[in-house]
Amino acid sequence: MTESATKNISSRTTKPPSTACIIILPEYANLDELNYLASVLDELPEDDLEKLEAAVEYGDHTGSVKDIINLVQNLDCYDYYPDIHNEEDLGCYNDTSA
């Protein structure tokens, strides 16, 4: 992912934000990578955890532990709109932000 690339992701459900993000990892994942991912996730602020959860639901860069580590380290490339649930909400948001 390039620095200039920005992904727009929105909340797809009306559920309240969770404090944990469930990520399905390969059975034979590298233990050092998993420990590093755990330490990085432990240091993320709540806002970034919500953004990560939405990015994982979107399915972007989630094929391996390395991909998820890179995703966590590049969350600044994503815009997260938790109050947008459909295209109509996005259109209203774009109209008011212009």
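On a predicted model such as this, the values are computed, not experimentally measured, just so you know. (Residues numbered from 1 in each chain as written. Predicted model: local features only at pLDDT ≥ 70, side-chain atom pairs only at ≥ 80, totals over all residues. Heavy atoms only, no water.)

## So, the overall build of the chain
Across its full length, the chain holds four helices and two strands. Taken from the N to the C terminus, the helices and strands of the chain come in the order β-α-α-α-β-α. By the burial criterion, 26% of the 98 residues in the chain qualify as buried. Taking as baseline every contact in the chain between residues at least 6 positions apart, the subset at least 24 positions apart corresponds to 75%. Entry remark: accessible area of the chain is about 6,700 Å², with carbon and sulfur atoms responsible for 48%. (Helix = DSSP H or I, 4+ residues; strand = E, 2+ residues; numbered from the N terminus. Buried < 20%, exposed > 50% of the residue type's maximum accessible area, 1.4 Å probe, protein only. Contact = heavy atoms within 4.5 Å. Areas by Shrake-Rupley, 256 points an atom, 1.4 Å probe, with all protein chains shown as cover.)

## What about the nonpolar core?
Ranked by size, the top nonpolar core spans 15 residues in total, and within it Leu37, Leu44, Leu52, Leu71, Val72 and Tyr78 carry the most contacts. Contributions of two or more residues to this core are made by helix H1 (31-43), helix H2 (46-58) and helix H3 (65-73). It is H3 that contributes the most residues to this core, five residues altogether. When neighbours within four sequence positions are excluded, Leu37 is seen to be in contact with Val65, Ile68, Ile69 and Val72. (Core = buried A, V, L, I, M, F, W, Y, C linked by side-chain atoms within 4.5 Å.)

## Points about H1
The terminal C-alpha atoms of H1, which comprises 13 residues, lie 19 Å apart, in line with the 18 Å expected from a rise of 1.5 Å per residue. A distance of 2.7 Å separates the backbone nitrogen of Asp32 from a side-chain oxygen at the start of H1, and that oxygen is part of Asn30. (Expected span 1.5 Å × (residues − 1). Polar contact = N/O pair within 3.5 Å; in protein donor to acceptor, adjacent residues only side chain to side chain.)

## Some points on the packing of H1 against H3
Running from N to C, H1 and H3 point in directions that differ by 25°, and their axes come no closer than 10 Å. Our classification of the angle between H1 and H3 gives roughly parallel. Relative to H3, H1 is oriented so that their crossing is left-handed. Residues Glu33, Leu34, Tyr36, Leu37, Val40 and Leu41 of H1 touch H3, and the partners they reach there are Val65, Lys66, Ile68, Ile69, Val72 and Gln73. (Axes fitted to C-alpha atoms, helices over the stretch in contact; angles between N-to-C directions. Parallel < 35°, antiparallel > 145°, perpendicular 65-115°, else oblique. Left-handed = near helix turned anticlockwise from the far one by under 90°.)

## Concerning the confidence of the model for the chain
In this model, the chain carries a mean pLDDT of 76, and residues with pLDDT of at least 70 account for 66%. At the low end of the mean pLDDT range in the chain sits strand S1 (residues 7-10), at 54; at the high end sits H1, at 92. Counted against residues more than four places away or in other chains, residues 1-6, with its pLDDT under 50, gives 11 contacts. Scored below 50 in pLDDT, residues 10-19 makes 20 contacts in the model with residues more than four places away or belonging to other chains. (pLDDT = per-residue confidence, 0-100.)

## Some points on H3
Side chains three or four residues apart in an α-helix point the same way, a direct result of the helix having 3.6 residues per turn. Buried residues of H3: Val65, Ile68, Ile69, Leu71 and Val72, and no others. Down the axis, H3 shows its buried residues gathered within 160° of arc, on one side only. Looking at the buried positions of H3, the neighbouring elements they touch are H1, H2 and strand S2 (78-81). (Arc of directions from axis to C-beta.)

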